[in-house]
Amino acid sequence: MRRKLVKQGDNALTITLPAAWTKVHQLTPGNEVDVRQEGEELILSSEPAALKTKEITIVEGTEEKIRELYRDGYDRIVARFSNAKTLSKIQSVVGQLYGFETIEITTNTCTIKSVHEEKPEELPSHVQRMNTTANVLEELVQKQRKQQQENEHIVHFRNSVMKQADLIIRLIRKHRLIEELSTYEHVLKTIQRAQTGYAEYQEGLKKGIKNSHRSRKA
């Protein structure tokens, strides 16, 4: 069924909905409908899309499963755990994910939910912020090579790069933006840049500590 687009205002285009469809779903002026993008398609629904949910068991050392589910577009995760230490590590990962929050905790489970609606049209701005942050990170690392001193800003910018990168990957996977393959590859390279820069920073700290010990002995 094809519909003609009608210009409305400066930037908006509108279409009319089939009368039979609106009647079946009992829609009247002022009602809201759910519109989401899946690749090249726009999916229209009279009901909000169901939350993509996953139940998993987290043992110590597997907390990064939360990040991968986030990247895969899950909106709600129920994680089972056996002790407070594992819960603490789960919370640490959740804190690194843009728009994810823990909304409920019991004695052996925690429920994590997306509280932010990602929009595919915001992808370019997220990429720009990631690139800018990665460039600042590299500049800071270059300066720290000579000083070999701790710099909390480097940690902050490295975490910011990773947070933006995870969100971009989530957007691409969740909304099946297959046309953004080059962006996806760029994100992976940027993650590697950030990790490499952070590793160089850590190595510089180790050298600084060793030099400090030598100076004291002398």
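This write-up is about the structure you can find in this document. (Residues numbered from 1 in each chain as written. Predicted model: local features only at pLDDT ≥ 70, side-chain atom pairs only at ≥ 80, totals over all residues. Heavy atoms only, no water.)

## Notes on the overall build of the chain
Going by this rule: Numbering goes from the N terminus for both helices and strands, where a helix is a DSSP run of H or I of at least four residues and a strand is a run of E of at least two. Each residue gets one of three labels from its accessible area relative to the maximum for its type: buried under 20%, exposed over 50%, partly exposed in between, using a 1.4 Å probe on protein chains only. We call two residues contacting when some pair of their heavy atoms lies within 4.5 Å. For the area figures, the Shrake-Rupley method with a 1.4 Å probe applies, and any residue is considered shielded solely by the protein chains shown.
Check the secondary structure of the chain and you find six helices and eight strands. Counting from the amino terminus, helix and strand elements in the chain follow one another as β-β-α-β-β-β-α-β-α-β-β-α-α-α. Per-residue burial for the chain yields a buried fraction of 33% across its 218 residues. In the chain, the share of contacts with a sequence separation of at least 24, taken over all contacts with a separation of at least 6, comes to 56%. By element, 50% of the accessible surface of the chain is carried by carbon and sulfur atoms, the whole surface being about 14400 Å².

## Re the nonpolar core
What counts, and what does not: Remark: nonpolar core denotes a set of buried residues (Ala, Val, Leu, Ile, Met, Phe, Trp, Tyr, Cys) joined through side-chain atoms within 4.5 Å.
Among the nonpolar cores identified, the biggest contains 23 residues, and Leu123, Ile154, Ile168 and Val187 are the most heavily contacted of them. At the level of elements, α4 (123-147), α5 (152-174) and α6 (181-217) are the ones that each hand at least two residues to this core. With eight residues, α5 is the largest single contributor of residues to this core. Residue contacts for isoleucine 168: discarding those within four places in its chain leaves Leu123, His126, Val127, Met130, Thr183 and Val187. With 18 residues, the next largest nonpolar core counts Leu69, Ile77, Phe100 and Ile112 among its residues.

## Let's talk about the pattern of salt bridges
Rules: The rule for a salt bridge is simple: a side-chain nitrogen of Lys or Arg has to be within 4 Å of a carboxyl oxygen of Asp or Glu.
One pass over the full model with this rule turns up 13 salt bridges. One salt bridge connects aspartate 166 with arginine 67, and the closest N-O pair in it is separated by 2.6 Å. A residue pair is termed long-range when its members are at least 10 positions apart, and aspartate 166 in helix α5 and arginine 67 in helix α2 (residues 65-71) qualify at 99 residues. The two residues aspartate 166 and arginine 67 agree in class, both being buried. A salt bridge links glutamate 118 to lysine 174, with the shortest nitrogen-to-oxygen separation between them at 3.2 Å. Taken together, the positions of glutamate 118 in the loop between β8 (109-114) and α4 and lysine 174 in helix α5 put the pair 56 residues apart, joining distant regions of the chain.

## Digging into a nonpolar patch on the surface
Counted only if it meets this: What makes a patch is a set of residues exposed beyond 30% relative accessible area and free of salt bridges, joined within 9 Å when like-charged and within 5 Å when nonpolar (Val, Leu, Ile, Met, Phe, Trp, Tyr).
On the surface, Leu5, Leu13, Ile15, Leu17, Val33 and Leu44 cluster together to form a nonpolar patch covering roughly 510 Å² of accessible area. Tracing the backbone through its elements, the reader meets leucine 5 in the segment before β1 (6-8). Residue classification places leucine 5 among the exposed positions, given a relative accessible area of 53%.

## Brief notes about the pairing of strand β6 (residues 76-80)
We apply this condition: At least two bridges found by DSSP between two strands are what make those strands a pair. A clockwise path from the first strand over the helix to the second, with the strands pointing away from the viewer, defines a right-handed crossover.
Here strand β5 (residues 53-57) runs beside β6; their pairing, made up of five bridges, is parallel. In the sheet register, threonine 53 faces β6, and the bridge partner there is arginine 76. What joins β5 to β6 is α2, and the crossover it makes is right-handed.

## A short note on helix α3 (residues 84-94)
Stated precisely, the cut-off is as follows: Here the arc refers to the directions that run from the helix axis out to each C-beta atom. Counting of polar contacts relies on pairs of N or O atoms within 3.5 Å, with two restrictions inside protein: one atom must be capable of donating a hydrogen and the other of accepting it, and residues adjacent in sequence are counted only when both atoms are side-chain atoms.
Along α3, the residues that are buried comprise Thr86, Leu87, Ile90, Val93 and Val94. When α3 is viewed along its axis, its buried side chains cluster within an angular range of 120 degrees and face the same direction. Residues of α3 that are buried make contact with α2, β6, β7 (100-105) and β8. At the N-terminal end of α3, a side-chain oxygen is found 3.2 Å from the backbone nitrogen of lysine 85, two or three residues along, and the residue is asparagine 83.

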